[in-house]
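Summary of structural features
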Amino acid sequence: MENGGIISCLEDGKAKRLDSKIGANLAQNEYLSAYDESFKKYISLAGSGLLTSHSLIVHGGSDYFAMNKLTFNFYTRSEEISRKSEYIKKSADTELDSRRDYASDRTDFIINSAPENSIILIDGPLLGGVNNPYNVKMNNELLKINTIPIFIVKNSNSNLVTDFYPELKKKFNSDMHWAYTLLNPGSRTSFYFYEDSYNKEFSKIFCYHKTFNISPQRIEFHPKTYEKFSDLIFKLMDLIFYLVLVQGNFKNPQVRSIAIAEKFARETLNLFDITNIMKSAGLPPTMNQERGFGG
């Protein structure tokens, strides 16, 4: 029992080779989409604002179709300021409230935008603090329309596997460190099942996935997804391998679909100069914000 849950290995524990040809075939024959986002923060003396660009792209025959949603929230501890507008939120914990609002906006956007009968590749973890109930809700709604949500984590200090196995805990700093050492390029670890001890809905199946000889990524999906699409799950690991290969970035080996969604998110975000908007609204920046350290 570790980290509030139980870990078990669903395969033989050995590394598995990935097949880009299987991945290419899936990419040509399945309906693919992807999600990513980009942020800009504005920290003023009166409170803080967060502008988020949510982006979902769908693969077309020769191009990508993009849907974007911009959300903005402003948080303050001042009751007087919050009374001036329904769009200003009184908050004792700006970081926590902004994470909740982001998770809610992200969930609604993906549920309303993801195509039916498709595979959607989502940047970020399935489970993580305040995101858990929102991501489980999203997952359930996507399964209802026969869409397969796969969550992809590029950076993580998680140690679920290495903490569970004493012989690994002594040798490795994190699961990413262990997977990097274990895997050759073009392979993945066995699948592992994490079952939360307090809420079974907050469980996941995951593996680590290495395309090039640099840090791997973690691929996650909900057990309900595995149950409904068990015949496709293994091939989806080949699909991810293929999409990282065609992206062709050795320093930042992202899934190409997510990289495209990220570009749309950033370009949409850059349409708005949040600093000038906030200053014109009479919200003076903090010194670090003025110096460009606000986010």
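Residues numbered from 1 in each chain as written. Predicted model: local features only at pLDDT ≥ 70, side-chain atom pairs only at ≥ 80, totals over all residues. Heavy atoms only, no water.

1. Details of the environment of Asp97
For clarity, the threshold we go by: Numbering of helices and strands runs from the N terminus; a helix is a DSSP stretch of H or I covering at least four residues, while a strand is a stretch of E covering at least two. The contact criterion used is simple: two residues touch if any of their non-hydrogen atoms lie within 4.5 Å.
As for its placement among the helices and strands, Asp97 is situated in helix H3 (residues 94-113). Taking the C-alpha atoms as reference points, Asp97 and Asn73, 24 residues apart in sequence, are found 9.8 Å from one another. Leave out the neighbours within four places in its chain, and Asp97 touches Tyr75, Ser91 and Ala92.

2. A few points about the side chain of Gln247
Where we set the bar: A 3.5 Å cut-off defines polar contacts: any pair of N or O atoms within that distance qualifies, except that in protein one atom must be a possible hydrogen donor and the other a possible acceptor, and neighbouring residues in sequence count only when both atoms are side-chain atoms.
Structurally, the position occupied by Gln247 is in helix H9 (residues 230-247). One polar contact links Gln247 to Arg256, side chain to side chain, over a distance of 2.8 Å. For Gln247, the contacting residues outside a window of four places in its chain are Gln254, Arg256 and Ala259.

3. Observations regarding a nonpolar patch on the surface
Our working definition: The patches reported here contain residues having more than 30% relative accessible area and no salt bridge. Joining distances are 9 Å for like charges and 5 Å for nonpolar side chains (Val, Leu, Ile, Met, Phe, Trp, Tyr). Values of accessible area rely on a 1.4 Å probe in the Shrake-Rupley scheme; residue burial ignores everything except the protein chains shown. Within this document, salt bridges are pairs made up of a side-chain nitrogen of Lys or Arg and a carboxyl oxygen of Asp or Glu, the two lying within 4 Å of each other. Per-residue accessibility, obtained with a 1.4 Å probe over protein chains only, is compared with the maximum for each type, and a residue is labelled buried under 20%, exposed over 50%, and partly exposed between these values.
The grouping of Leu70, Leu271, Phe272 and Ile277 at the surface amounts to a nonpolar patch, some 360 Å² of accessible area in total. Looking at the secondary structure, you find Leu271 in the loop between helix H10 (256-269) and helix H11 (274-280). The exposure class assigned to Leu271 is exposed, which follows from its relative accessible area of 66%.

4. With respect to the pattern of salt bridges
Scanning the model with the defined rule gives 15 salt bridges in all. When the shortest N-O distance is used, the salt bridge between Glu37 and Arg106 registers 3.9 Å. With a gap of 69 residues between them, Glu37 in strand S3 (residues 32-44) and Arg106 in helix H3 connect regions that are remote in the sequence. With respect to class, Glu37 is no different from Arg106; both count as buried. For Glu220, the salt bridge identified is with Arg218, shortest N-O distance 2.5 Å.

5. What about the nonpolar core?
As a reminder, the rule being used: What we call a nonpolar core is a set of buried Ala, Val, Leu, Ile, Met, Phe, Trp, Tyr and Cys residues that are connected through their side-chain atoms within 4.5 Å.
Among the nonpolar cores identified, the biggest contains 31 residues, and Leu121, Ile150, Ile152, Leu236, Met237, Ile240 and Val255 are the most heavily contacted of them. Breaking this core down by element, the ones donating at least two residues are S3, strand S7 (119-123), strand S8 (148-153), strand S11 (204-210), strand S12 (217-221), H9 and H10. For this core, the leading source of residues is H9, giving nine residues. Each residue touching Leu121, except ones within four places of it in the same chain, is listed here: Ser33, Ala34, Tyr35, Ile150, Ile152, Ile240, Leu243, Val255, Ser257 and Ile258. One finds Leu56, Tyr102, Val161 and Leu168 within the second-largest nonpolar core, a separate group that totals 29 residues.

6. A word on the packing of H3 against helix H4 (residues 132-144)
The test is simple: A fitted line through C-alpha atoms serves as each axis, taken over the contacting stretch for helices, and the angle formed by two N-to-C directions is quoted from 0 to 180°. Geometric relationships in this document are graded by angle, where less than 35 degrees denotes roughly parallel, more than 145 denotes roughly antiparallel, 65 to 115 denotes roughly perpendicular, and other angles denote oblique. All residues other than Ala, Val, Leu, Ile, Met, Phe, Trp, Tyr, Cys, Pro, Asp, Glu, Lys and Arg, Gly among them, are scored as polar; the first ten of these are nonpolar and the last four charged.
In contact at an axis separation of 9 Å, H3 and H4 are set at 5° when each is read in the N-to-C sense. As the angle between them shows, H3 and H4 are arranged roughly parallel. Of the residues in H4, those in contact with Arg100, Ala103, Ser104, Arg106, Thr107, Asp108, Ile110 and Ile111 of H3 are Tyr134, Asn135, Lys137, Met138, Glu141 and Leu142. Residue composition of the contact of H3 with H4, by class: six nonpolar, three polar and five charged.

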